[in-house]
Amino acid sequence: MTDTDETTETDPPAAVSGAGDGDGGWFVGLAGDADPEGDAERVQTGSAAAPRDWPSIAVDEGVVDSRATYYDRLHAATTAATRSAVRERERADDQQLVHAVRAMDDCEQLANELAERVAAWAGSRFPSSSPGIAGARALADETQTDEAQTDEERTDELDRRVVSLATRVAELADERDALETTIERTAPAVAPNLAAMAGATLAARLIALAGGLESLAKKPAGTVQVLGAEDALFAHLAGRAPSPKHGVIYTHEFVRGTRPDDRGSAARALAGKLALAARVDHYAGTYRASLHDDLRERMATIRARADGNGETDGGDGTDGTDGTDGTDGTDGTDGTDGETRGGNDA
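For every chain, the first residue of the written sequence is number 1, and numbering continues from 1 along that sequence. Only residues with pLDDT of at least 70 get local features here, since the model is predicted, and only at 80 or more are side-chain atom pairs given and counted; chain-wide, interface and lining totals rely on the full set of residues. Each side-chain value is worked out from all heavy atoms of the structure, with water and hydrogens disregarded.

With that settled, the discussion passes to the overall build of the protein chain. In this description a helix means any DSSP run of H or I spanning at least four residues, a strand means any run of E spanning at least two, and both kinds are numbered starting from the N terminus. Secondary structure summary: the protein chain contains 18 helices and zero strands in total. Per-residue burial for the protein chain yields a buried fraction of 40% across its 346 residues. Contacts spanning at least 24 positions in sequence make up 59% of the contacts within the protein chain whose residues lie at least 6 apart. The protein chains shown are the only cover counted for residues, whose accessible areas, like all others here, come from Shrake-Rupley with a 1.4 Å probe. Here the protein chain displays about 18,300 Å² of accessible surface, and carbon together with sulfur accounts for 51% of that area. To sort residues, take the accessible area from a 1.4 Å probe on protein chains only and compare it with the maximum for the residue type: under 20% means buried, over 50% means exposed, and anything in between is partly exposed. Should any heavy atoms of two residues lie within 4.5 Å, those residues are considered in contact.

Shown next, in the form of structure tokens:
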């Protein structure tokens, strides 16, 4: 007698499912009434040794009354399973960081655009107004605290709308600053090495551009180097522009603060270490001081060229032949990175 023969109607569903050993479908042992959440769990965890005519089996088992009903129930189960997986992924810490940095960028963009509108409008209503977010904030603060305003000035509909818009600009700017504070507090917990190496905001921006920490950890250093410069990269691939040396990592002091002739080398060195930092953060989650020490030493070597001390290192970083930068054990051909970064690879 088999295990299936010994099963009674009082046994729990797990005892009769057969979903894990290939003897039954995901629906075996489930109640006749549709339960999307319960069905979704079985769809996510069940398996079968080989394909079978599951609709017919479901009808024979009495789970559904027709093949059409089976497909409707399967559709509801897979939809529920997908929603559950998406919810779980979106709640991950790195995705929360992605939402935060994108919200910060949105607030900054909206604040700047509205500040331009306030400046153009307020110039015709308040002669003392000034442009920019600072001007909008000053206008909002001045009209709230200026006791010398007359009742007529305070009740003018157009003036109130200008002041209200200026207040919104100030609030958006404040929200942007609050989001940045949140990112600076959250990023080190999500990606300790990346945040320490790139700064919290740039680390969050790299994670957002890659679509998540796991995705960033899987990207080669050449791709990390040009994240944020996709338009320039595609223009280069189409033959309309030179290869970009860097993307958003240009905002890092190691790249921006390096002389133009050496920025290609600096960007490659930084991108190589950022790629390694992302992998350590994703797979280990521990701080590794050696990564940061190696990067500082490499940048010191690159910047020494400006003083004429490193002229034997090689080219300027655009032709893939710059000696130590293209073949250095930590920055070029990296055993863990799995690629040679000799040029402006993308």
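The discussion continues.
Before going further, it helps to spend a moment on the pattern of salt bridges. Think of a salt bridge as a Lys or Arg side-chain nitrogen and an Asp or Glu carboxyl oxygen that are within 4 Å of each other. Summed over the entire model, instances satisfying the criterion amount to 15 salt bridges. The shortest N-O distance in the salt bridge between Glu 157 and Arg 161 comes to 3.1 Å. Of this pair, Glu 157 and Arg 161 both sit in helix α9 (residues 157–190), four residues apart, which is roughly one turn of that helix. Between Glu 214 and Lys 218 there is a salt bridge, and its shortest N-O distance comes to 3.1 Å. You can call Lys 218 exposed: its relative accessible area is 55%.

Our focus in this paragraph is the packing of aromatic side chains. Ring pairs shown here join Phe, Tyr and Trp side chains whose ring centres sit within 6.5 Å, with only the six-membered ring taken for Trp; geometry is labelled stacked below 30 degrees between planes, edge-to-face above 60, and tilted in between. Scanning the model with the defined rule gives one aromatic pair in all. Relative to Tyr 71, the ring of Tyr 70 lies with its centre 5.4 Å away and its plane at 75°, an arrangement referred to as edge-to-face. In this structure Tyr 70 comes out as buried when scored by relative accessible area, which is 4%.

A few words now on helix α6 (residues 93–122). Here, expected helix span is obtained from the residue count minus one, scaled by 1.5 Å. Over its 30 residues, α6 extends 42 Å from the first C-alpha to the last, a length consistent with the 44 Å expected when each residue adds 1.5 Å. All of the buried residues in α6 are Asp 94, Gln 95, Leu 97, Val 98, Ala 100, Val 101, Met 104, Cys 107, Ala 111, Ala 115, Val 118 and Ala 122.

Another point: the confidence of the model for the protein chain. One confidence number per residue, pLDDT, is output by the predictor and ranges from 0 to 100. Across the protein chain, the average pLDDT comes to 79, with 76% of residues at or above 70. Scored below 50 in pLDDT, residues 1–22 shows 24 contacts in the model against residues more than four places distant or in partner chains.

A fitted line through C-alpha atoms serves as each axis, taken over the contacting stretch for helices, and the angle formed by two N-to-C directions is quoted from 0 to 180°. Contact geometry of α9 with helix α11 (residues 200–210) gives a least axis separation of 8 Å together with a crossing angle of 85°. Taken together, α9 and α11 sit at an angle that is classed as roughly perpendicular. Across from Glu 180, Ile 183, Glu 184 and Ala 187 in α9, the residues of α11 making contact are Ala 200, Thr 201 and Ala 204. Here the contact of α9 with α11 is built from residues that sort into four nonpolar, one polar and two charged. Roughly parallel means an angle under 35 degrees; roughly antiparallel, over 145; roughly perpendicular, 65 to 115; everything else is oblique. Classification used: nonpolar for Ala, Val, Leu, Ile, Met, Phe, Trp, Tyr, Cys and Pro, charged for Asp, Glu, Lys and Arg, polar for all others including Gly.

An ideal rise of 1.5 Å per residue puts 22 Å on 16 residues; helix α17 (residues 289–304) measures up with 23 Å between its terminal C-alpha atoms. Restricting attention to buried positions, one finds in α17 the residues Leu 291, His 292, Leu 295, Arg 298, Met 299, Ile 302 and Ala 304.

Looking at the element boundaries, Ala 189 is found in helix α9. By relative accessible area, which is 68% here, Ala 189 ends up exposed.

Moving on to the environment of Val 255. In this structure, Val 255 sits in helix α15 (residues 253–256). Along the chain, Val 255 and Leu 270 lie 15 residues apart, while their C-alpha atoms are 7.9 Å from each other. Those residues within four positions of Val 255 in sequence are excluded, and the remaining contacts are His 246, Ile 249, Tyr 250, Arg 263, Ala 266, Ala 267 and Leu 270.

On to the nonpolar core, then. Note that soluble globular proteins tend to have their nonpolar side chains buried in a common cluster. In this text, buried Ala, Val, Leu, Ile, Met, Phe, Trp, Tyr and Cys residues form a nonpolar core when linked through side-chain atoms within 4.5 Å. Core analysis: the biggest nonpolar cluster contains 48 residues, and Ile 183, Leu 194, Leu 206, Ile 207, Leu 216 and Leu 274 have the highest contact counts within it. Among the elements that take part in this core, helix α16 (residues 263–283) stands out by supplying eleven residues, more than any other. Not counting residues up to four positions away in its chain, the partners in contact with Ile 183 are Leu 97, Ala 100, Val 101, Met 104, Pro 188, Ala 200, Thr 201 and Ala 204. Of all hydrophobic cores here, the second largest spans twelve residues; its members include Ala 122, Ala 136, Leu 139 and Ala 166.

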